[in-house]
Every structure is written in C-alpha cells, then in structure tokens.
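Analysis of the macromolecular model
So you can see what is in the structure, the chains are spelled out below.
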Amino acid sequence: MTNSFVVTGAHVVPVTAPAFDGGAVVVEDGRVTAVGPDVTPPPGLPVVDAAGAWLVPGFVEAHGHVGIHEEANGWAGNDTNEMTDPNTAAVRAIDAVDIDDEGFRDALSGGITSIVVKPGSGNPIGGQTVAIKTWGGRTIDEQLISDAVSVKSALGENPKRVYGEKGKTPSTRLGVAKVIREAFVAAQDYRAARDAAAAKGEPFTRDLTKETLVRVLDGELAWDQHVHRHDDIATALRLADEFGYRLVVNHGTEAHKIADLLAERDVPVIYGPLFTSRSKVELRDRGIPNLARLAAAGVRVAITTDAPVVPINMLVDQATAAVKEGLPWQTALEALTVNPADFLGFGDRVGRIEPGFDADLVLWDGDPLAATSRATRVWIDGASVYQWADGTGVTTPRW
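Residues numbered from 1 in each chain as written. Predicted model: local features only at pLDDT ≥ 70, side-chain atom pairs only at ≥ 80, totals over all residues. Heavy atoms only, no water.

**Some thoughts on the UniProt feature "domain: Amidohydrolase-related" (unreviewed entry) in the protein chain**
So the rule is basically this: UniProt positions are given in the numbering used here, feature names are shortened, and annotations may be inferred rather than shown by experiment. Secondary structure elements are taken from DSSP: a helix is a run of H or I of four residues or more, a strand is a run of E of two residues or more, and numbering for both begins at the N terminus.
On the UniProt side, "domain: Amidohydrolase-related" (unreviewed entry) is annotated at positions that read residues 231-375 here. Structurally, residues 231-375 comprises 36% helix and 11% strand, and the distance from its first C-alpha atom to its last is 40 Å.

**Describing the pattern of salt bridges**
Spelled out, the test is: Salt bridges, as used here, are contacts in which a Lys or Arg side-chain nitrogen is within 4 Å of a carboxyl oxygen on Asp or Glu. In this scheme, a residue with accessible area under 20% of its type's maximum is buried, one over 50% is exposed, and one in between is partly exposed, where area comes from a 1.4 Å probe on protein chains only.
Applying the stated rule across the entire model yields 26 salt bridges. Of the charged contacts, one joins Asp381 and Lys133 as a salt bridge, the two residues approaching to 2.7 Å between their closest N and O atoms. Here Asp381 is found in the loop between strand S19 (375-380) and strand S20 (383-389), whereas its partner Lys133 is found in strand S11 (residues 130-133), with 248 residues between them in sequence. Looking at Asp381, the relative accessible area reads 28%, which means it is partly exposed. Residue classification places Lys133 among the buried residues on the basis of a relative accessible area of 2%. One salt-bridge network, held together by shared partners, links Arg31, Lys133, Arg349, Asp358, Asp360 and Asp381.

**Here we look at the layout of surface pockets**
Applied cut-off: The method works on a 1 Å grid over the protein atoms by themselves. A cavity is a set of points holding a 1.4 Å probe that cannot get out, a pocket is an open set with protein on both sides within 12 Å along at least five of seven lines, and residues with an atom within 4 Å of a point line them. Grid points are joined across faces, edges and corners, and a volume is the space filled by probe spheres set on the points. Put simply, Ala, Val, Leu, Ile, Met, Phe, Trp, Tyr, Cys and Pro go in the nonpolar bin, Asp, Glu, Lys and Arg in the charged bin, and everything else, Gly too, in the polar bin.
Taken as a whole, the largest pocket holds about 550 Å³ of empty space. Lining of the largest pocket is provided by 29 residues; of these, Ser121, Asn158, Lys280, Asp306 and Val309 occupy positions nearest its centre. A total of three residues in the lining of the largest pocket trace back to one element, the largest contributor, which is helix H2 (residues 157-165). By residue class, the composition of the lining of the largest pocket is seven nonpolar, 17 polar and five charged.

**Structural notes on the sheet that holds strand S9 (residues 112-117)**
Hydrogen bonds along the backbone pair up the strands of a sheet, which may run parallel or antiparallel. Here is the rule: Note on pairing: DSSP must find at least two bridges between two strands before they are called paired. Axes here mean lines fitted to C-alpha atoms, for a helix over just the part in contact, with angles spanning 0 to 180 degrees between N-to-C directions.
With mixed pairing, the four strands of this open sheet are ordered in space as S8-S9-S11-S12. Each of the sheet's edge strands pairs with one partner strand only, and the pair in question is strand S8 (59-64) and strand S12 (144-146). Strand after strand, the sheet turns through a mean of 25° between neighbouring axes, direction not considered. Note: S9 against S11, four bridges, orientation antiparallel. Paired with Ser114 across the two strands is Lys133, which belongs to S11.

**Let's talk about the environment of Gln225**
Under the convention used in this document: By the convention used here, residues are in contact when the closest approach between their heavy atoms is within 4.5 Å. N or O atoms closer than or at 3.5 Å make up a polar contact, with two conditions inside protein: a donor-capable atom paired with an acceptor-capable one, and, for residues adjacent in sequence, both atoms drawn from side chains.
Take Gln225: it is sitting in strand S14 (residues 222-227). Residues Gln225 and Val151, 74 residues apart in the sequence, show an inter-C-alpha distance of 8.4 Å. In this view, Gln225 contacts Ser153, Ala154, Leu155, Ala236, Leu247, Val248, Val249 and Asn250; residues no more than four positions away in its chain are not counted. Reaching out from Gln225, the side chain makes a polar contact with the side chain of Ser153 at a distance of 3.1 Å.

Spelled out as structure tokens, the structure:
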C-alpha cells in the first residue's frame with residue numbers, strides 16, 4: 001500500500017476526542033484507519049517513532065489569497081480581484097491559482113495542510129472560492145478538496161471605494177446592498193424561469209452568474225461575507241434572512257458588539273487577520289481580545305491570516321496570541337482545524353485525527369500553540385511533504 005505508515009509514541013491530539021500518549025495512529029492508503037492509546041500497529045507498515053513530539057491534524061486556513069495574490073511577483077501575479085463589474089459571481093479562484101506560489105511552502109512550515117483560496121473584496125460579489133491541499137499535486141486539480149465551497153462577497157469600505165473612484169454604482173453602502181439584493185432577485189427569477197422551461201421541455205439560455213447565485217440560494221454554496229463594522233454585519237444578517245442563504249462572516253472586526261445576534265443564528269465568524277495595524281476606519285476597533293469575546297458568547301470561530309496580508313505560516317502564532325488574550329486553548333485549536341472545515345463544507349475529510357479522515361498530519365516538537373514550538377514533519381494524504389532537518393525546512397519536490 002502507498003502512503004501507509006504508523007506513528008507511535010506521540011502525544012496525539014485528535015481535536016474531537018481526548019488527547020492521549022503512546023498508542024498509535026495508523027495510516028493506510030492516505031487515510032487514517034485506527035487511532036488510540038491501545039491500538040496495536042499492524043505488521044508490515046513503516047513505523048515513525050514520534051516519542052516526545054505532538055501529533056495534531058493539519059491546520060486549515062479558511063480565508064486566504066495564496067496562489068492568486070502571489071508574493072514577490074507584483075501585478076503579474078495578482079489575480080485577486082476582477083474589478084470590472086460589481087457582480088462577478090461567475091469567476092472562479094481555481095482558474096487563477098499558481099500552486100508554486102511561495103506562500104504554499106510557507107504554509108507547510110506552519111503546519112497548514114488545507115486552504116480555502118478566495119477572490120478579493122473589491123466587488124460586492126467577488127466570485128467562487130476553492131478548497132485545496134497546500135501541497136502534493138502537479139496541478140491544482142490534483143490538490144482539490146472541493147470547488148463547491150462558497151461565493152465571496154464584500155460589504156463596507158472596499159467596494160464603495162473601488163466603484164466610487166470609477167464614478168459608478170456602488171459608491172455607498174446603500175449601493176453595495178442594492179447590488180447584492182438585485183443580484184439575488186434576478187437569480188430567483190432565473191431559477192423560476194429555468195425550472196419552468198425544464199418542466200415544459202423547452203430550451204433555456206444559461207447565465208453563469210445567475211447559476212452561481214442559484215447555487216447559493218439552494219444551499220450548495222456558502223456566502224463568504226467580507227465585513228468589518230457592526231452595522232455592516234447587521235446588513236449581512238438582514239440580507240441572509242431575506243434570501244435564506246448560508247452566511248459565514250469573514251474578518252468580523254466588530255462582530256463582538258453583536259455577538260449574541262450571531263450566536264442566535266449560529267452564524268460562524270472567520271476572524272482576523274489579527275496581526276495588522278488599524279489601517280482604515282473599519283479597523284478602528286480591531287483587537288485580539290475580541291476573538292475571545294466572540295467565542296465566550298457562543299459564536300463558532302475560525303482564524304485567518306488573510307495571506308499574504310499576514311504570512312500564512314503565522315496562522316498558529318495568531319492563535320497563540322488569542323490564547324494569551326483569553327481564548328481557551330481547546331477553542332483555539334478547533335479554530336485552526338475542525339471549525340473552518342465544518343464552516344465551509346469539507347469537515348468530513350479534514351480537521352481531525354479520526355478513522356476515515358484524510359491523513360493530513362503534523363508533528364510538532366512541543367505544544368503547537370506554544371510560541372517556541374516548530375512543525376517538524378508534515379504529511380498530506382499520507383504523503384510526506386515537509387520535514388525540518390539540520391536547521392532547514394525541506395519540502396518534497398512537486399515535479
């Protein structure tokens with residue numbers, strides 16, 4: 001069997017089950033098949049003796065632009081925003097990701113094995129996101145987790161600035177909400193006309209933009225809402241209530257101010273990035289302790305670097321800072337693993353160490369949320385993709 005081995009001797013943190021020392025984690029053909037303190041390794045499989053190390057699931061970056069906003073490539077590598085129309089629901093991040101972007105190597109050094117790559121926040125409706133593994137394929141298609149994840153949308157300063165400077169709608173918060181509302185009404189009408197034509201056996205002209213929004217209305221795709229201020233978050237809730245889609249708040253700088261409303265609706269928040277300055281009005285109340293306040297109110301949370309805004313390998317460092325400011329350790333670990341995977345619809349594959357799940361595993365030389373700990377080995381789908389050796393991080397060649 002390929003991509004098969006046994007890890008023994010580690011302090012294993014499955015995330016959704018109690019941690020244990022010793023025992024074994026068995027990987028066969030790229031998936032976890034057995035986990036526990038009393039597991040006996042099957043004969044014939046290679047053994048990784050991890051005594052003294054911590055074994056945790058690979059982390060999930062829930063909101064990044066790695067590969068579409070390439071580092072060190074300037075404008076030639078920046079495909080984040082198609083800012084030629086306020087509604088670009090039909091564009092897909094998968095069509096613009098360079099999997100050889102340096103950010104993916106950085107991700108491995110930070111123990112990150114999955115990322116949701118998203119279009120930017122220049123448009124009210126920015127486009128379709130994609131969930132991929134951070135290494136292992138020769139093309140993005142070979143690293144694909146799901147291309148049916150979400151549609152990125154933006155409220156607040158970004159879209160009103162972009163289109164205000166162009167002298168066209170939307171140039172205000174009023175206009176941004178109008179663009180989104182009109183787009184969904186048009187999608188509702190499109191769905192009704194499409195279904196009526198299908199019932200009659202009549203031809204129907206497809207519209208990729210409206211079809212994408214119908215998938216949001218039908219619950220197939222989440223609505224990833226870039227939003228910072230509390231009043232914009234209230235608008236996000238209002239729109240979600242009006243059209244019934246599955247809302248995920250991204251950034252949520254002032255979400256703590258209306259945390260009870262988010263908790264009542266079970267609207268999750270992908271919070272961050274935490275390591276930034278207050279660079280615009282929307283970020284005036286930015287603060288790392290706000291994440292703990294959100295979680296204490298019962299809001300399910302994840303953490304983002306918004307890479308390359310913050311280097312992606314610092315995802316775990318942001319969690320460490322949040323723990324320092326009051327976020328419970330277990331909640332912080334869940335915010336890096338099970339939560340983002342669950343929020344965005346692929347929690348049946350990654351985010352925990354459990355039989356049947358992808359063998360995306362990371363060895364750390366200590367508590368991963370301790371500032372001095374280092375990821376020493378990373379596996380994706382059971383394949384060894386990164387190892388710290390002789391003071392250097394070594395990535396398995398892709399080609």
